[in-house]
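Residue-level structure breakdown
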Amino acid sequence: MLTNLKVDPAELPKRVIVCGDPKRAALISSKLENQRQIGENREYHSYAGTWKGVEVAVVSHGVGSPGAAVCFEELAKGGVEYIIRVGTAGSYQREIEPGSLVISSAAVRQDGLTSQLVPAGFPAVANRRVADALVQAAKADASGLSVAEGITLTLDVFYSGVVEFPHKLYQKAGVLAVEMENSALFVIAALRGMKAGSILAIDGYADADLLESYNPHTDAMVKAIEAEALIALDAVVAVTE
């Protein structure tokens, strides 16, 4: 039994979709055939079923890299081989508008967790086959949404404090969006032998005042999350060695 996920590894498929919100995990898993819940503990809600004839799990990991890392580590211990994160992010580029999608090819490691796992120069990179599978699935059906691929940034802070983070520096460097878990996923996948990717629905601009303008509960976000979930499901069953 996986300690924190409370999942029997014998019930865990080799291909997994992960997301932060347990309710989103339930929503994504509802699309599977033969859907069943295989575990529930804290923020970790786990489901299994089939998508296009292939066994898939859907697991929630909560908010932030430390808690998400517990999920990713235990999935690796359970024998998972392919893992795709279906998340949300704030845009760093004006042309990447709320309601659009970003496929992360790599993550800037500005979280605190991965610095305790690997040296400073170690890259957080998506598996190329998984990223390509996401791109191909998005081309097949992105529900008319704009889709970009590129570097994202992983940060621990959600609401700003008195320390000013250099958002504009990363914007100028071409980073597409900022979120809170990708670098943990990519580093742990590299260390534990999993092949990982990530697709993100853009819920606002990262340089905006979140207390005033952040609203992830729009009709556009509902559509974007629906689209990225279907893209991720298609990609996770399509990717091969």
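These remarks concern the structure in this document. (Residues numbered from 1 in each chain as written. Predicted model: local features only at pLDDT ≥ 70, side-chain atom pairs only at ≥ 80, totals over all residues. Heavy atoms only, no water.)

Glancing now at the overall build of the chain. Within the chain, the regular secondary structure consists of 7 helices and 10 strands. Taking 2.2 N^0.38 as the reference for a compact globule, 241 residues should give roughly 18 Å; the C-alpha atoms of the chain span a radius of gyration of 16 Å, in line with that estimate. Based on the C-alpha atoms only, the size of the chain along its principal axes is roughly 45 × 40 × 35 Å. For the chain, with 241 residues in total, the buried portion stands at 54%. Partitioning the contacts of the chain with sequence separation of at least 6, the portion at a separation of at least 24 is 77%. Of the roughly 10,800 Å² that the chain leaves accessible, carbon and sulfur atoms contribute 52%. Here the chain carries 21 positive and 29 negative side-chain charges, and the mean point of each set is 4 Å from the other. (Helix = DSSP H or I, 4+ residues; strand = E, 2+ residues; numbered from the N terminus. Rg over C-alpha atoms; globule rule 2.2 N^0.38 Å. Buried < 20%, exposed > 50% of the residue type's maximum accessible area, 1.4 Å probe, protein only. Contact = heavy atoms within 4.5 Å. Areas by Shrake-Rupley, 256 points an atom, 1.4 Å probe, with all protein chains shown as cover. Lys, Arg positive; Asp, Glu negative; His and termini not counted. Charge placed at Lys NZ, Arg CZ, Asp CG, Glu CD.)

Note on placement: Glu 73 falls in helix 2 (residues 65-77). For Glu 73, the side chain forms a polar contact with the side chain of Arg 192, separated by 2.7 Å. Leave out the neighbours within four places in its chain, and Glu 73 touches Ile 188 and Arg 192. (Polar contact = N/O pair within 3.5 Å; in protein donor to acceptor, adjacent residues only side chain to side chain.)

Turning our eyes to something else, we now look at the nonpolar core. Ile 17, Ile 28, Ile 84, Leu 101, Leu 134, Ile 199 and Ile 231 are the most contacted members of the largest nonpolar core, which has 36 residues in total. When residues in this core are grouped by element, the largest group, 11 residues, is from helix 7 (residues 219-238). Discounting chain neighbours no more than four positions away, the residues touching Leu 101 are Leu 145, Ser 146, Val 147, Ala 148, Ile 199, Leu 200, Ala 201, Ala 224, Ala 227, Glu 228 and Ile 231. In this structure, Leu 12, Ala 57, Ala 68 and Val 118 belong to the second largest nonpolar core, which totals 32 residues. (Core = buried A, V, L, I, M, F, W, Y, C linked by side-chain atoms within 4.5 Å.)

The terminal C-alpha atoms of helix 2 lie 18 Å apart, and with 13 residues this matches the ideal 18 Å at 1.5 Å per residue to within 8%. Of all the residues in helix 2, the buried ones are Ser 65, Ala 68, Ala 69, Cys 71, Phe 72, Glu 73, Glu 74, Leu 75 and Ala 76. Turning to helix 2, the residues buried within the fold contact strand 1 (15-19), strand 3 (44-51), strand 4 (54-60), strand 5 (82-91), strand 8 (147-155) and helix 5 (182-192). Where helix 2 ends, the next residue or the one after it, Gly 79, has phi of about 95 degrees, a positive value. (Expected span 1.5 Å × (residues − 1).)

What follows deals with the pattern of salt bridges. When charged atoms on two side chains of opposite charge get close, those side chains can pair. By the definition in use, this model includes 8 salt bridges. Linking Glu 55 and Arg 36 is a salt bridge whose minimum nitrogen-to-oxygen distance equals 3.9 Å. One end of the pair, Glu 55, is in strand 4; the other, Arg 36, is in strand 2 (residues 33-41), and 19 residues separate them in sequence. A relative accessible area of 32% means that Arg 36 is categorised as partly exposed. Asp 132 is the partner of Arg 128 in a salt bridge, and the nearest nitrogen-oxygen pair spans 2.7 Å. On the criterion of helical spacing, the pair formed by Arg 128 and Asp 132 is a turn pair, its members being 4 residues apart in helix 3 (residues 128-140). Taking the relative accessible area as the measure of exposure, Arg 128 reaches 42% and is therefore partly exposed. One connected set of salt bridges, linked through shared partners, spans Arg 85, Glu 179 and Glu 181. (Salt bridge = Lys/Arg side-chain N within 4 Å of Asp/Glu carboxyl O.)

Next up on the list: the pairing of strand 3. Burial runs high along strand 3: 8 of the 8 residues are buried. Sheet topology places strand 2 next to strand 3; 6 bridges connect them, and they run antiparallel. Bridge pairing in strand 3 links Gly 39 to Ser 46. Two successive antiparallel strands, strand 2 and strand 3, enclose a turn made up of 2 residues, where Arg 42 displays a positive phi of approximately 55 degrees. Joining the antiparallel neighbours strand 3 and strand 4 is a turn of 2 residues, in which Lys 52 adopts a positive phi near 55 degrees. (Pairing = 2+ DSSP bridges.)

Along the polypeptide, Thr 154 turns up in strand 8. Assessed through its relative accessible area of 0%, Thr 154 is described here as buried. Each C-alpha atom of the pair Thr 154 and Ala 124 lies 9.9 Å from the other, and the pair is 30 residues apart in sequence. In this structure, Thr 154 is in contact with Ser 65, Ala 107, Val 108, Arg 109, Gln 110, Asp 111, Glu 179, Met 180, Glu 181, Asn 182 and Ser 183, ignoring residues within four places of it in sequence. A distance of 2.6 Å separates the side chain of Thr 154 from the side chain of Glu 179, its partner in a polar contact. Within polar-contact distance, the side chain of Thr 154 engages the backbone nitrogen of Asn 182 at 3.4 Å.

By themselves, these are just geometric observations and shouldn't be taken as functional.
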